[in-house]
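# A look at the structure
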Amino acid sequence: MEEQKKKPEAAATGEVTRRETFQKLGLGCLAAAGAGAAAFGYEYLSPNVLYEPSPIANAGKPDQYPSGSVTTLAEAGVYLIHGPQGFYALSATCTHLGCRTAWAAELGIIACPCHGSKFNTDGIKIAGPAPKPLPWLKVWVNDEGDLMVDTSATVAEKQFLRV
Ligand code: FES
């Protein structure tokens, strides 16, 4: 009778068995699924917030604006006007289709380049298709003495800030 040859143990030979291969493959799949679930969970629990720029503009000290001046705060889209009755701010956005208007100092008016609307320094329309005057915006002085404009807060016309 022939002696049957015994197969040597895998551990003894350093080979990887089929069982070990499938165990490692299963653990890898579990780890990948766990990482994916953690990523989706984090995304789900994170607040879905849009960080927009503040609507409040700091125009600096009032004494830099001489009486009678019209200053364009371009970044805020605002005209800061120092009239005889005090400070006030007008939105620079045309009430027709929302184009950015421009101060035409030589004419003393605010003009829209898109369709020709024109406004006086009170924001009243004097020409063109704009259906409404330019909105007046909230203006105040903060604790440091700076002029502040809130571009998101409109106020009634003729509300002047005396400084
Ligand atoms: S958007 Fe200003 S006139 Fe049309």
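Residues numbered from 1 in each chain as written. Predicted model: local features only at pLDDT ≥ 70, side-chain atom pairs only at ≥ 80, totals over all residues.

### Considering the pairing of strand E10 (residues 147-155)
Put simply, the test is: Here, a strand pair is defined by DSSP locating no fewer than two bridges between the strands. Starting at the N terminus, helices and strands are each numbered in turn, a helix being any DSSP run of H or I of at least four residues and a strand any DSSP run of E of at least two.
Bridge analysis of strand E1 (residues 56-60) against E10 gives four bridges, and the strand direction is antiparallel. Bridged to Asn58 within E10 is Met148. The sheet contact formed by strand E9 (residues 136-141) and E10 spans six bridges and is antiparallel. Looking at the pairing, Val141 lines up with Leu147 of E10. The antiparallel hairpin formed by E9 and E10 contains five residues in its connecting segment, where Gly145 sits at a positive phi of about 85°.

### Observations regarding the sheet that holds strand E6 (residues 109-111)
Spatial ordering of the open sheet is given by E5-E6-E7-E8, a layout of four strands whose pairing is antiparallel. Strands at the two margins of the open sheet, each flanked by one partner only, are strand E5 (102-104) and strand E8 (125-127). Sheet topology note: the E5/E6 ladder contains three bridges and is antiparallel. Counted as the bridge partner of Trp103 is Ile110 from E6.

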